[in-house]
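What the coordinates show
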Amino acid sequence: MKLSILIPAYNEEGSIAQVMQEIKSLNLSSCGVSEKEIILIDDGSTDKTVEKATSVIPTTRVIRHVKNQGKGASLISGIAHATGDIIIIQDADLEYSPSLYPALLKPVVEDYADVVYGSRFLANPHPRGMKMSYFLANRFGNFLTNMLCRTSLTDCMTCFKVFKKHVLKGIALESRGFGIEPELTAKISKSGFKIKEVAIPYKARTFKEGKKFKRIYSLGVLWAIIKYSLTA
């Protein structure tokens, strides 16, 4: 089985090498994975993100955006080039660890889920380091998504997601920014795919550490929740 690892990245030279090293050291044969395809989507970086990533894993496939377009645009580009049987989204920072792949892959490999979300809230109601404003916005967005999409998820906005290839290949995605997360949830659930959640450890990073999600982006995410929950 082939695993495609999509890594959207924008100016992540401070963390990308460690992320790539963790991916490189993984042995996923026990999960049925015989081949790993790493796709780095460089979303207009002006630092050494690409150089540092490829120095660790030279076979990394790099897709370049000339200008910064956003998280959604990066994922759309990456999905279009993925050839694996399973696709996993791996952020380029250190909030989500590749060491958790076996736990996330298990439900898909054992064929009792088509989609798996790594939930930050399943085992810990208030993750370490998450500021109260982000926590409250996340909880409201999660409540709204569950109500409109008739789901019962604890973490709709998680960036740690695993999909069987056919799930994503059958969905037309539009969001260019962080609205991609609620769009994925809405379109997957409305297509009849059940989302399995797996608890993951999580510590939020600070803006000094490179956090990209600003409070103002919450408005775009809220609009995406409403738009795609009602139209998907």
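The paragraphs below set out a description of the structure included in this document. Quick caveat, the model's predicted, so the values are computed rather than measured. (Residues numbered from 1 in each chain as written. Predicted model: local features only at pLDDT ≥ 70, side-chain atom pairs only at ≥ 80, totals over all residues. Heavy atoms only, no water.)

**Side note on the environment of Ser 30**
With respect to the element layout, Ser 30 can be found in the loop between helix H1 (16-25) and strand E2 (35-43). C-alpha separation for the pair Ser 30 and Pro 102, spaced 72 residues apart in sequence, amounts to 8.3 Å. (Helix = DSSP H or I, 4+ residues; strand = E, 2+ residues; numbered from the N terminus.)

**Things to note about the sheet that holds strand E3 (residues 61-65)**
Adjacent strands of a sheet pair through backbone hydrogen bonds, lying either parallel or antiparallel. Here seven strands make up an open sheet; going across it, the order is E3-E2-E1-E4-E6-E5-E7 and the pairing mixed. Each edge of the sheet is formed by a strand with only one pairing partner; in this case those strands are E3 and strand E7 (195-199). For this sheet, the mean inter-axis angle between neighbouring strands, taken without regard to orientation, is 20 degrees. Relative to strand E6 (residues 161-164), strand E5 (residues 115-119) runs antiparallel, the two being bridged by three bridges. Bridge assignment links Tyr 117 to a residue of E6, and that residue is Lys 161. Here helix H3 (residues 71-81) sits on the sheet and contacts strand E1 (2-9), E2, E3 and strand E4 (86-89); the angle it forms with E2, its principal contact strand, is near 145 degrees. (Pairing = 2+ DSSP bridges. Axes fitted to C-alpha atoms, helices over the stretch in contact; angles between N-to-C directions. Contact = heavy atoms within 4.5 Å.)

**Regarding the pattern of salt bridges**
Applying the stated criterion across every chain yields a total of twelve salt bridges. Between Glu 35 and Lys 2 there is a salt bridge, with its nearest N and O atoms 3.9 Å apart. Here the residue Glu 35 occupies a position in strand E2, and Lys 2 occupies one in strand E1, the gap between them amounting to 33 residues. For Lys 2, a relative accessible area of 19% translates into the label buried. With its nearest N and O atoms 3.7 Å apart, the salt bridge here joins Asp 42 to Arg 64. Taken together, the residues span a long stretch of sequence, with Asp 42 in strand E2 and Arg 64 in strand E3 at a distance of 22 residues. A relative accessible area of 4% places Asp 42 in the buried class. (Salt bridge = Lys/Arg side-chain N within 4 Å of Asp/Glu carboxyl O. Buried < 20%, exposed > 50% of the residue type's maximum accessible area, 1.4 Å probe, protein only.)

**Some words on the pairing of E3**
Summarising the sheet, E2 and E3 pair through five bridges and their orientation is parallel. For Ile 41, the partnering residue across the bridge sits in E3 and is Ile 63. In this fold, the crossover linking E2 to E3 by way of helix H2 (residues 49-56) has right-handed handedness. (Right-handed = clockwise from strand over helix to strand, strands pointing away.)

**Some details on H3**
Given 3.6 residues to a turn, an α-helix orients residues that are three or four positions apart in the same direction. Counting buried residues in H3 gives eight out of eleven residues, a clear majority hidden from the surface. Contacts from the buried residues of H3 go to E1, E2, E3, E4, helix H6 (165-169) and helix H7 (180-190).

**Section: the pairing of E5**
Within a regular strand, side chains alternate between the sheet's two faces. Taken across its five residues, E5 has five buried, putting it largely inside the fold. Neither face of E5 is left uncovered, since the one carrying Val 115, Tyr 117 and Ser 119 and the one carrying Val 116 and Gly 118 both have all their residues buried. Inspection of the sheet shows E5 paired to E7 by five bridges, in the parallel sense. In the strand pairing of E7, Tyr 117 is matched with Glu 197.

**Points about a nonpolar patch on the surface**
A surface patch of nonpolar side chains, amounting to about 740 Å² of accessible area, comprises Phe 140, Phe 143, Met 147, Leu 222, Trp 223, Ile 226 and Leu 230. The biggest single contributor to the nonpolar patch is helix H8 (residues 217-231), with four residues. Locating Phe 140 in the fold gives a position in helix H5 (residues 132-149). (Patch = residues over 30% accessible without salt bridge, like charges linked within 9 Å, V, L, I, M, F, W, Y side chains within 5 Å. Areas by Shrake-Rupley, 256 points an atom, 1.4 Å probe, with all protein chains shown as cover.)

**A closer look at H5**
Helix length check: H5 (18 residues) gives 25 Å between terminal C-alpha atoms against 26 Å at 1.5 Å per residue, within 8%. Burial in H5 covers these residues: Tyr 134, Phe 135, Asn 138, Gly 141, Asn 142, Leu 144, Thr 145, Asn 146 and Cys 149. Following H5 by one or two positions, Arg 150 adopts a phi angle in the positive range, close to 60 degrees. (Expected span 1.5 Å × (residues − 1).)

**A closer look at the nonpolar core**
Within the largest apolar cluster, 40 residues are counted, with the highest numbers of intra-cluster contacts made by Leu 3, Ile 7, Tyr 101 and Leu 105. Every residue in contact with Leu 105, bar those within four places of it in the chain, is listed here: Leu 3, Leu 28, Cys 31, Val 33, Ile 86 and Val 162. Membership of the second largest hydrophobic core comes to 26 residues, among which are Ile 63, Leu 75, Ala 82 and Ile 195. (Core = buried A, V, L, I, M, F, W, Y, C linked by side-chain atoms within 4.5 Å.)

**Some details on the environment of Asn 27**
Summarising the element assignment, Asn 27 is placed in the loop between H1 and E2. Each C-alpha atom of the pair Asn 27 and Asp 47 lies 30 Å from the other, and the pair is 20 residues apart in sequence. Only 2.8 Å separates the side chain of Asn 27 from the side chain of Ser 29, close enough to count as a polar contact. (Polar contact = N/O pair within 3.5 Å; in protein donor to acceptor, adjacent residues only side chain to side chain.)

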